[in-house]
Structure formats: C-alpha cells, structure tokens
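Breakdown of the fold
Letter by letter, the chains look like this.
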Amino acid sequence: MQHYVNRGGSSSEGSAVSLSAFAYVYSELVQYHQGRAASISELERRLESAGYGVGLKVLELVAYRTKETKRETRLMSILHFVSSSVWKALFGKSADSLERSIDHADEFMIVDYEPITSTFVSVPPDLGQLSADAYVSGIIAGVLDGAGFSARVTAHSVNVEEGEYAKPQGGNVVTGLPARKDKAVFLVKFSQEVLARDAALER
Amino acid sequence: MSSKSQAAQAGQALWAKMPKANAELFALTYGSLVTELVRDYEDPIEVNAQLDRIGYSIGVRCVDEFLSKADVAGMGLTTQCQNLRDTAEVVAKMGFKMFLGIQAEVGAFSQDQRCFSIYLQDNPLSTFVELPEDDPSGGEDLRRLKYSNLYCGVIRGALEQVNLKVDCNIVRDTLKGDELNEIRVELKEVLADGAGDDYKEE
C-alpha cells in the first residue's frame, strides 16, 4: 500500500473524526501489539515503531502544507516545528511546553497535559511504567529522523504538581473527564552527530 | 420512527457535541494497524478476517456510547426502531455521522426487507491510501484486501448487541476504482433476549 498526499477532490486537511473513533482504533492497535509483545518494553517499542512510519508521513504533510521552502537545519528550529506545527496538525493545539534538560545538553522535553493517546486509557498495575503515548514518541522520532535529526524519543507519565497547570474547572472541558493527575513528557535525546553538527553551525 | 431527515438532524446534533480528533491522524493510525496485519498475516483474506474481528470488538463497545448519547439527546432510540429500515437509517445517519462526521446513505432494500446497503462517499479510513496495481507475478494480491473491512465488523458487533445478527460485506470500494463505497448488510437472525441457558433458574 502507498500513501499519497494529494489525491484529486476534497482535501482532508483540517477534517475531523470524533475523539472516540480515534480512541477505539488506537485502543485496538495497542491491544494488537500487546497480544504479540513479551514484555512492557517490547510493547512500547512496537508502539514507537508503529508511530515512526506515521511520523515520516506527517513530516512530509506538514512541511508541504506550511509551504516551507527551506528545510530546518537548526536543532531549536526543528524542535519548534515539532512542538507547534506538528502538534497543531495532529492534536489541534501546540504542545504545552518545550524544555531543555538542565543536566543533559542532548536532552529536550516536549510536554502535553492532555495527550489523546492516553485520554481513555488506564494502565493496570501489572504494566507498571507503560506509557500508552509511546506511539506519539514514535511519531516524533519519525519526524525528527525524516528531517535529519536522529533522536531517541521516549514517553513518560509524570505527576502534575499543584498549580502547575491551570486546569479548567471541573476537569477536561473537551471530554468531560476529571482532570488528569499526570502529564505526558516526551524525552528527546539527540544523537551525538546531530549535536556536533548543530554546534558547528553555531560558529 | 422519525423520518429520514429527523435521523439526519439528530446525527448532526450528536456529531456537534462529540470531542474531535484529527482525521488524518485517525487514517494514519488505522493505516499503521492494517500495515502491521499485512506484515503479520500476509494473506489478504486472513487480514480481512482480522479487520472484521477487530471491528467487531469496536462495535460491541461503541454501541453503548452511541445509545447513551443518543438517548440523552432525548431521542429514545430503544422505542423507535420498529423495523430494519429504521435501524438502517439510524446506523447510517446517526451512527456514522456521530463517530466519523460523514453523511452515509441507505438504500437497495431487498424485497423481503432483510437486506440493505449503506453508501459512503467519503471514507475517513482510506485517506491517503492506494492499493498496489495487480501483481502479474502472482504473489500476495493486495487487491483482494478489503481495506475498510473494519466497518463490517463494527456494524456486526454493534447490531449484535441490540439482538440483530447480521452479515456485512463490502461490495463496492473506492480504493478499487468504484465511485463510492457500499456495505451490504443482511439480517440473519433476530436474537432472543436473555443471558442464555447457563443462567436460567433451575
């Protein structure tokens, strides 16, 4: 099968389906991989791998539509591209924040307080640290890799501190669910070549 | 039962209230699932069966969401579907609309009123997808793949929860060059209520 960006006829850009429809299909994707994974980390790898292919396509789509004539060559630019343009295209809003790690020069974090891949998911205790958002890490990795910035991307569920996020009264206004206690943090660790290249471009 | 336009209006109202997700992400996610299935099962006929099974699992769950939301909007569905024709209208105008935002039509009712077709002009599952050309050397002929077979499972699973046992088949597919998508639904049996023999009182 191939995926084509521009078929004749109506464009799919901006069109929507219900969040439920996405959640059902995503749930089946996770369950399918769960049935074939021998461990939690294998399941996460499978989900990341599923997202990677999507990421490559999303990069093409978003880059084409924003009509950027020049490729991003700088690290901060590509991160901004991901946390705003790509996030807006996929989730209808920019990522909630983009941060760089204090301890590691090669690590950055993209934060989303309401990731749709885990909106309706509850992780049972025996699956421990599994993040259902691993699919999104795969998407990010695909976008970055496709743009020439190879990176290892992992998804983490992190507790939200008191007052950290101005939660809407009564919880999530979109789904009507109570406000989440954890946010998704996508840790992006760039490869050494990428960092070296970016440093060289600095001069 | 409400007339056709009432079902369409109700469908529109339900769709408006649903939280939304990006349709392209939806299509790409489904594509990822189908790709994985093709990789694991290879034989397109087997993949079709898997898609139907997965759709069934979704159908069984989404019908609860549908009935609760449709009821809340004051439509009292459980008292309104008097026959298969009404059911068909509800599935097409309210079900498809609410979950996918698309306008589906019904038609081609059989003489005995036990079969009907659902027509989809747009298919959110197959955005960006093309099936490969016929492979002259044989191989796994992906043109035998029913890419949107998920719908068949969903309809089957959902209707079974309301005691209608149906068979569903994709008979026309825009991915194969047809001008629209057609799902043929055939009523096999109206199931009796009840939890089954195991639960009968002694």
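The structure under discussion appears in the preceding block.
Residues numbered from 1 in each chain as written. Chains lettered and ligands numbered in written order. Predicted model: local features only at pLDDT ≥ 70, side-chain atom pairs only at ≥ 80, totals over all residues. Heavy atoms only, no water.

Two strands in a sheet stick together by hydrogen bonds in their backbones, pointing the same way (parallel) or opposite ways (antiparallel). Residues and elements named next belong to chain A. Read across the open sheet, the four strands follow the order β3-β4-β6-β5; overall the sheet is antiparallel. The outermost strands of the open sheet, each flanked by one partner alone, are β3 (97–100) and β5 (151–159). When strand polarity is set aside, the average angle formed by the axes of neighbouring strands in this sheet is 25 degrees. Here strand β4 (residues 107–112) pairs with strand β6 (residues 182–190) via six bridges, running antiparallel. Note that in β6 the partner of V111 across the bridge is V185. (Pairing = 2+ DSSP bridges. Helix = DSSP H or I, 4+ residues; strand = E, 2+ residues; numbered from the N terminus. Axes fitted to C-alpha atoms, helices over the stretch in contact; angles between N-to-C directions.)

With 18 residues, helix α1 (residues 19–36) of chain A ought to run about 26 Å at 1.5 Å a step, and its terminal C-alpha atoms sit 26 Å apart, in line with that. The buried fraction of α1 of chain A is high, at 14 of 18 residues. (Expected span 1.5 Å × (residues − 1). Buried < 20%, exposed > 50% of the residue type's maximum accessible area, 1.4 Å probe, protein only.)

Attention now moves to the layout of surface pockets. In this structure, the second largest pocket encloses a volume near 630 Å³. Lining the second largest pocket are 28 residues, and of these V63, F66, V91, G95 and A158 of chain B sit closest to its centre. Among the secondary structure elements, those contributing two or more residues to the lining of the second largest pocket are α1 of chain A together with α3 (44–72), α4 (77–80), α5 (84–100) and α6 (150–161) of chain B. Considering every element that reaches the lining of the second largest pocket, the biggest residue donor is α5 of chain B, with seven residues. (1 Å grid on protein atoms, 1.4 Å probe; cavity = no way out; pocket = protein on both sides within 12 Å on 5 of 7 lines; lining within 4 Å. Points joined across faces, edges and corners; volume = space filled by probe spheres on them.)

A few words on empty space enclosed by the protein. Residues and elements named next belong to chain B. Using the criterion set out here, one finds one cavity of 30 Å³ or more in the structure. The wall of the largest cavity is formed by L120, N123, S148, Y151, I170, R172, D173, N181, E182 and I183. For the lining of the largest cavity, the secondary-structure elements that each account for two or more residues are β5 (164–172) and β6 (181–190). Among the elements that line the lining of the largest cavity, the one with the most residues is β6, at three residues. Counted by class, the lining of the largest cavity contains four nonpolar, three polar and three charged residues. (Nonpolar A, V, L, I, M, F, W, Y, C, P; charged D, E, K, R; others polar.)

As a further point, take the side chain of S148 of chain B. Mapped onto the secondary structure, S148 of chain B falls in the loop between β4 (129–130) and α6. When sequence neighbours within four positions are dropped, the list of residues in contact with S148 of chain B reads Y30, N123, L125 and I170 of chain B. (Contact = heavy atoms within 4.5 Å.)

Taken together, the six bridges between strand β3 (residues 115–120) of chain B and β6 of chain B define a ladder with antiparallel strand orientation. By the bridge assignment for β6 of chain B, Y119 of chain B is matched with E182 of chain B.

A separate point is the packing of aromatic side chains. Residues and elements named next belong to chain A. For the structure shown, the criterion picks out nine aromatic pairs over all chains. Each ring, one from F22 and one from Y26, has its centre 5.8 Å from the other, and the planes form 5 degrees; the classification is stacked. With F22 and Y26 both in helix α1 and four residues apart, this pair spans about one turn of that helix. As far as burial versus exposure is concerned, F22 and Y26 are alike and both buried. A ring pair is formed by F108 and F190, whose centres lie 5.7 Å apart and whose planes are at 75 degrees; its orientation type is edge-to-face. Here F190 lies in strand β6 and F108 lies in strand β4, a separation of 82 residues in the sequence. By relative accessible area, which is 1% here, F108 ends up buried. (Phe/Tyr/Trp six-rings, centres within 6.5 Å; stacked < 30°, edge-to-face > 60°.)

Take S126 of chain B: it is sitting in the loop between β3 and β4. Beyond its immediate stretch of four places on either side in the chain, S126 of chain B contacts Y147 and L175 of chain B.

Here the focus is the interface of chain B and chain A. Counting from both sides, the interface comprises 45 residues of chain B and, opposite them, 42 residues of chain A. In total, about 3,700 Å² of surface goes out of reach between chain B and chain A, with carbon and sulfur atoms giving 63% of it. Considering only the side of chain B, the residues that lose the most area to chain A are L25, F128 and E130 of chain B, jointly responsible for 18% of the buried surface there. Scanning the region where chain B abuts chain A turns up three salt bridges. Among the salt bridges present, the one from R65 of chain A reaches E24 of chain B, with a minimum N-O distance of 2.9 Å. Our count for the contact surface shared by chain B and chain A stands at 16 residue pairs in polar contact (both at pLDDT 80 or more). At the level of elements, β1 (20–22), α2 (23–41), α3, α5 and β4 of chain B are the ones that each hand at least two residues to the side of chain B that touches chain A. Among the elements that line the side of chain B that touches chain A, the one with the most residues is α2 of chain B, at 16 residues. (Buried area = accessible area lost by both parts, 1.4 Å probe. Salt bridge = Lys/Arg side-chain N within 4 Å of Asp/Glu carboxyl O. Polar contact = N/O pair within 3.5 Å; in protein donor to acceptor, adjacent residues only side chain to side chain.)

Keep in mind these numbers describe shape, not what the thing actually does.
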